[in-house]
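What follows is the residue order along each chain.
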Amino acid sequence: MRWRAARRGLAGLAVVSADGLIVVDKPGGMTSHDVVARIRRLARTRRVGHGGTLDPMATGVLVIGVGRATRLLTYVIGAGKSYAATVRLGQATVTDDAEGDVLATTPAGTVTDEAIRSAFAALTGEIDQVPSAVSAIKIDGQRAYKRVREGESVELPARRVTVSRLDVLAIRRDTPDVVDVDVDVTCSSGTYIRALARDAGLALSVGGHLTALRRTAVGGFALTEAATLDELEQRAPEVVNLPLDAAADRFFPRRQATADEAKVLSHGGPLDPVGLAGPYAVFGPGGGLIAIVSERDGRARAEIVLAPA
């Protein structure tokens, strides 16, 4: 009987929600995979993914793809991101954030505001950043954080990232020997805000770690359009708030195809180039999304075909 009940539960997932994206305001204490699991249940489909991991302590914008829109997530992952964060100077932790044990404590009360602003300013532009050892980066097929938890010493190579904006909003000295710094950051994909906190603390010789992180934007998707899980629960299974066609139109330059071009492209064939910087979205005469295309070697070729089979 339990087996039959389980099968009935799985069968319920066959009712597929509309293809598209959901901009979720992730709560603290959940992993990105926890959010995906919740959306699978609400949308009644297994075909759900996320566009860029947020640590459990972090909150804010998590872009979720449902159905065919999961194929757009590779572009979402690569988009620029913005964050509001708080860095605590005077303490270094094993994870570079508040979830890890404190490794060292150095009184930071005498560090001047000018020195703090200078340290953060030095972390802007194109920089070579060493990711936090407790990260999801794979080393020989295993996540770095798993190796750390198993007692290994992990050293990750530096990666070139771009911090296009790092504004110091407030410097607070509410607790003896530590200084809390509120910052606003806009950066390229792959930038670790935890590592910025760590490196600012190292530059000031007092240590530093992240105590709060809220992602405020991913590409053009911002908190203002994000829904909480409670709000999505109330309107399930209609949880998609940006259908596939609208999502592609928001995220990519647009090209309109003729009926003949649409037929060729929907079968994976190339089109003549039009000089658009790619990737871009190609729409058919009826307004439906056909493919994401880039131009190379004198042809416009599909990176992914999204027209219904």
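Please refer to the structure higher up on the page.
The numbering scheme is per chain: residues are counted from 1 as the chain's sequence reads. With pLDDT at 70 or above as the cut-off, local features in this predicted model cover only qualifying residues; side-chain atom pairs require 80 or more to be listed or tallied, and sums for whole chains, interfaces and linings still use all residues. Water and hydrogen atoms were dropped before computing side-chain values, which therefore reflect all heavy atoms in the structure.

> Honestly, the sheet that holds strand β17 (residues 289-296) in this entry has me stumped. Any pointers?
Where strands meet in a sheet, backbone hydrogen bonds hold them as pairs that are either parallel or antiparallel. If DSSP finds at least two bridges between two strands, the strands pair. Only runs of H or I of at least four residues qualify as helices and only runs of E of at least two qualify as strands under DSSP, and these elements are numbered from the N terminus. Taken in spatial order, the 4 strands make up an open sheet running β15-β16-β17-β18, and their pairing is mixed. Each edge of the open sheet carries a strand with a single partner, namely β15 (254-256) and β18 (299-305). Taking each pair of neighbouring strands and ignoring which way they run, the sheet shows an average axis angle of 40 degrees. The pairing of β15 with strand β16 (residues 280-283) spans 3 bridges and is classified as parallel. Within β16, the residue paired with R254 across the bridge is A281. Of the strands in this sheet, β15, β16 and β17 are in contact with helix α8 (residues 244-251), which crosses β16 at around 140 degrees. Between two residues, a contact is recorded if the distance between any of their heavy atoms is within 4.5 Å. Here the axes come from fitting lines to C-alpha atoms, over the contacting stretch only for helices, and the angles between their N-to-C directions go from 0 to 180 degrees. The sheet contacts of helix α9 (residues 259-266) involve β15, β16, β17 and β18, and relative to β17 the element is tilted by about 85 degrees.

> How should the packing of aromatic side chains be read in this particular structure?
We describe a pair of aromatic rings using the distance from one ring centre to the other and the angle between the two ring planes. Within 6.5 Å between ring centres, the rings of Phe, Tyr and Trp (the latter by its six-membered ring) count as paired, and their orientation is classed by plane angle as stacked under 30 degrees, edge-to-face over 60, tilted in between. On inspection of all chains with the given rule, the structure shows 3 aromatic pairs. Judged by centre distance (5.0 Å) and plane angle (85 degrees), the ring pair of Y75 and F252 falls under edge-to-face. Placement of the pair is Y75 in helix α3 (residues 73-77) and F252 in the loop between α8 and β15, with a sequence separation of 177 residues. Each of the two residues, Y75 as well as F252, counts as buried. Buried means the residue's accessible area, taken with a 1.4 Å probe over protein chains only, is under 20% of the maximum for its type, while exposed means over 50%, and partly exposed covers the values in between.

> Is there a simple way to think about the nonpolar core in this case?
Looking at soluble globular proteins, one finds that nonpolar side chains tend to be buried together. Core analysis: the biggest nonpolar cluster contains 48 residues, and I39 and I64 have the highest contact counts within it. Excluding anything up to four places from it in sequence, I64 contacts G20, L21, I22, V24, V35, V36, I39, V48, G49, H50 and L73. In plain words, nonpolar cores are sets of buried Ala, Val, Leu, Ile, Met, Phe, Trp, Tyr and Cys residues tied together by side-chain atoms within 4.5 Å. In this structure, V23, A69, F252 and L306 belong to the second largest nonpolar core, which totals 24 residues.

> I'm lost on the environment of T70 in this one. Help?
Here T70 lies in the loop between β3 (59-66) and α3. Between the alpha carbons of T70 and R47 there is a distance of 7.3 Å; along the sequence they are 23 residues apart. Each polar contact in these results corresponds to two N or O atoms within 3.5 Å; when the atoms are within protein, one needs to be able to donate a hydrogen and the other to accept it, and residues that are neighboring in sequence are counted only if both atoms are side-chain atoms. In terms of polar contacts, T70 uses its side chain to reach the backbone carbonyl oxygen of G67, at 2.8 Å.

> Just to check I follow, could you spell out helix α6 (residues 193-203) for this structure?
The periodicity of an α-helix, 3.6 residues per turn, causes residues three or four places apart in sequence to face the same way. Taken across its 11 residues, α6 has 8 buried, putting it largely inside the fold. Buried within α6 are the following residues: I193, R194, A195, L196, A197, R198, A200 and G201. In the core, the buried residues of α6 are packed alongside β4 (81-89), α4 (113-121), β7 (125-129), β10 (159-172), β11 (179-187) and β12 (208-218). Two residues or fewer after α6 comes S205, characterised by a positive phi angle close to 60 degrees.

> Would you mind showing me how to read the side chain of K81 here?
Tracing the backbone through its elements, the reader meets K81 in strand β4. Only four residue types enter the charge count: Lys and Arg as positive, Asp and Glu as negative, with His and the chain ends excluded. Salt bridge, as used here, is a side-chain nitrogen of Lys or Arg placed within 4 Å of a carboxyl oxygen of Asp or Glu. Buried charge K81 goes without a salt bridge, the closest partner of opposite sign being D55 at 13 Å. In this structure the side chain of K81 is engaged in a polar contact, spanning 2.8 Å, whose partner is the backbone oxygen of I77. Setting aside chain neighbours within four positions, we find K81 in contact with V76, V185, T186, C187, S189, R215, A217 and V218.

> Would you explain empty space enclosed by the protein in this entry?
Remark: the empty space left among the atoms is shown by a probe the size of a water molecule rolled over them. Of the grid points, spaced at 1 Å and generated over the protein atoms alone, those admitting a 1.4 Å probe that cannot get out make up cavities, while open sets with protein on both sides within 12 Å along at least five of seven lines make up pockets; any residue with an atom within 4 Å of a point is treated as lining. Grid points are joined across faces, edges and corners, and a volume is the space filled by probe spheres set on the points. On inspection of all chains with the given rule, the structure shows 1 cavity of 30 Å³ or more. Forming the boundary of the largest cavity are V87, F120, L166, V183, V185, I193 and L196. For the lining of the largest cavity, the secondary-structure elements that each account for two or more residues are β11 and α6. Each residue gets one label: Ala, Val, Leu, Ile, Met, Phe, Trp, Tyr, Cys and Pro are nonpolar, Asp, Glu, Lys and Arg are charged, and the others, such as Gly, are polar. The residue inventory of the lining of the largest cavity, partitioned by class, reads 7 nonpolar, no polar and no charged.

> Is there a simple way to explain the pattern of salt bridges in this structure?
Two side chains of opposite charge can pair, provided their charged atoms sit close to one another. Evaluation of the coordinates by the stated rule reveals 19 salt bridges. D19 is the salt-bridge partner of R68, the closest N and O atoms lying 2.9 Å from each other. Taken as a pair, R68 in the loop between β3 and α3 and D19 in the loop between α1 (2-12) and β1 (20-26) lie far apart in primary sequence, 49 residues in all. Of the residues examined, R68 reaches a relative accessible area of 22% and is grouped as partly exposed.

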